[in-house]
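Analysis of the macromolecular model
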Amino acid sequence: MSGRVRCAVFPVAGLGTRFLPATKTVPKEMLPVVDRPLIQYAVDEAIEAGCDTLVFVTNRYKHAVADYFDKAYELEQKLERAGKSELLAMIRDVLPRQVRAVFVTQAEALGLGHAVLCARPVVGDQPFAVLLPDDLIWNRGPGATRQLVELAAREQASVVAVQDVPIEQTRSYGIVATRDFTGRHGEIRGIVEKPRPEEAPSTLAVVGRYVLQPRIFGLLESTKPGAGGEIQLTDAIAALLAEQRILAYRFEGRRFDCGSRIGLIEATLQYALDDESLAGPTRELMRQALRPAG
Ligand code: UTP
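First, a word on scope: everything that follows refers to the structure included in this document. (Residues numbered from 1 in each chain as written. Predicted model: local features only at pLDDT ≥ 70, side-chain atom pairs only at ≥ 80, totals over all residues. Heavy atoms only, no water.)

Turning our attention to the overall build of the chain. Within the chain, the regular secondary structure consists of 11 helices and 13 strands. A globule of 294 residues ought to have a C-alpha radius of gyration of about 19 Å, and the chain, at 20 Å, matches this closely. Each principal axis of the C-alpha distribution contributes one length, and for the chain these read about 60 × 50 × 35 Å. Looking at the chain residue by residue over its 294 residues, the buried ones come to 48%. Taking the intrachain contacts of the chain between residues at least 6 apart in sequence as the baseline, contacts between residues at least 24 apart amount to 76%. Per element, the accessible surface of the chain, about 15000 Å² overall, is 51% carbon and sulfur. Each charge sign in the chain was given a centre, from 36 positive and 37 negative side chains, and these centres are 1 Å apart. (Helix = DSSP H or I, 4+ residues; strand = E, 2+ residues; numbered from the N terminus. Rg over C-alpha atoms; globule rule 2.2 N^0.38 Å. Buried < 20%, exposed > 50% of the residue type's maximum accessible area, 1.4 Å probe, protein only. Contact = heavy atoms within 4.5 Å. Areas by Shrake-Rupley, 256 points an atom, 1.4 Å probe, with all protein chains shown as cover. Lys, Arg positive; Asp, Glu negative; His and termini not counted. Charge placed at Lys NZ, Arg CZ, Asp CG, Glu CD.)

Take a look at the structure:
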């Protein structure tokens, strides 16, 4: 694989049904963990990995995502007049100057694979990263995307992030079969979307971080709807496997499934406990909440 990974694709056109009724008007990616929306964590991770073109695949209901990255003139003026320079810097820095954001529309929610295909006109013929913002990955060291990008460059291959899951959860994930696992990575032999536990080739589940070769776009063009009637990225990756080496990578860090209610609660607690000013009060609050009633 040649070339630096400059483009990061954020498919954010899903319906977010697990967070209804909130997601009637608030896109799932705008739900906050402590004080930042999920999309901001993903964007920061992509920028840390060296990406300078961020492609958001959205739909007509998700203006809030574009608005968030737009300039907030009135708010900036008010903060400036009030001398609140720290807050001003915070809202100006949601995107650094050297980074450009591009918005493309997925007219119909036809699946994650279709959403990635919508980014093709912007990405073109270069390797690119995909980040699903509802998979929030916390790490003290380098972010998950940076880890993937570095491995992809070193091994000249596409890379898919994986983690071990309990066997009964395989039906919620893409599951990979691997060979020659050394250290944190192995070569993928096969990949299947949401298998029943008795049919799963392993318990290594794909989570929402990928570095992919542009060849995937051509394969997505001809991918038919699969599990759940959606055009699945997993099926196109399975087709890519027949042509190229793809690695599964057990990233360093802790992943929170913020597409589920309990995952969002867990992430909020983790990030609060990791925040100097919130850690103490959060511990106290948890102690009180766990005290037997009465
Ligand atoms: P999910 O499987 O989490 O679906 O999508 P969802 O619609 O967002 O949420 P639920 O399950 O109804 O609560 C995984 C990722 O793929 C994107 C989503 O935005 C999310 O980032 N996606 C999914 C699209 O962009 N387009 C689609 O057609 C489907």
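Tracing the sequence through the fold places F10 in strand β1 (residues 7-11). Taking C-alpha positions, F10 is 7.1 Å from P133, a pair spaced 123 residues apart along the chain. Discounting chain neighbours no more than four positions away, the residues touching F10 are I39, A42, V43, A46, L54, V55, F56, V57, L131 and P133.

For the rest of this paragraph, the subject is the layout of surface pockets. Within this model, the largest pocket holds a volume of roughly 1000 Å³. In terms of lining, the largest pocket is formed by 36 residues, of which the most central are R18, K28, L132, D134 and K194. Among the elements of the structure, α5 (112-118), β11 (204-212) and β13 (254-257) are those that each provide at least two residues to the lining of the largest pocket. When residues of the lining of the largest pocket are assigned to their parent elements, the largest contribution, four residues, is made by β11. For the lining of the largest pocket, the residue count by class is 14 nonpolar, 12 polar and 10 charged. For the second largest pocket, the calculated volume is near 520 Å³. Lining the second largest pocket are 21 residues, and of these I91, R92, D93, V94 and L95 lie nearest its centre. (1 Å grid on protein atoms, 1.4 Å probe; cavity = no way out; pocket = protein on both sides within 12 Å on 5 of 7 lines; lining within 4 Å. Points joined across faces, edges and corners; volume = space filled by probe spheres on them. Nonpolar A, V, L, I, M, F, W, Y, C, P; charged D, E, K, R; others polar.)

Take the site of the ligand next. Taken together, 17 residues sit near the ligand, with P11, L15, T17, K28 and Q106 positioned nearest. A distance of 2.7 Å is found between an oxygen atom of the ligand and a side-chain nitrogen or oxygen belonging to K28. Contact with the protein chains hides 84% of the accessible area of the ligand, taken as 570 Å² for the molecule alone. More than half of the atoms of the ligand fall within 2 Å of the grid points belonging to the largest pocket. Taken together, the residues of the shell around the ligand break down into eight nonpolar, five polar and four charged. (Near = heavy atom within 4 Å. Polar contact = N/O pair within 3.5 Å; in protein donor to acceptor, adjacent residues only side chain to side chain. Sits in = over half its atoms within 2 Å of the grid points.)

Moving on, we come to the pairing of strand β9 (residues 174-182). Pairing of β9 with strand β10 (residues 185-193), which is carried by seven bridges, proceeds in the antiparallel orientation. Across the sheet, residue T178 finds its bridge partner in β10, namely I188. Taken together, the two bridges between β9 and β11 define a ladder with antiparallel strand orientation. Residue pairing in the sheet places I175 in a bridge with A205 of β11. (Pairing = 2+ DSSP bridges.)

Look at helix α7 (residues 144-155): 16 Å from first C-alpha to last across 12 residues, which is about the 16 Å you get at 1.5 Å a residue. Trailing α7 by a residue or two, Q156 shows a phi angle of about 55°, which is positive. (Expected span 1.5 Å × (residues − 1).)

This part takes up the pattern of salt bridges. Side-chain pairs of opposite charge can arise whenever the charged atoms involved come near each other. Under the criterion given, the structure shown has 21 salt bridges. Measuring nitrogen to oxygen at the nearest pair gives 3.7 Å for the salt bridge that ties R4 to D52. Of this pair, R4 sits in the segment before β1 while D52 sits in the loop between α1 (38-48) and β4 (53-58), and the two are 48 residues apart along the sequence. You can call R4 partly exposed: its relative accessible area is 49%. Judged by its relative accessible area of 13%, D52 is buried. Between E193 and K194 there is a salt bridge, and its shortest N-O distance comes to 2.8 Å. (Salt bridge = Lys/Arg side-chain N within 4 Å of Asp/Glu carboxyl O.)

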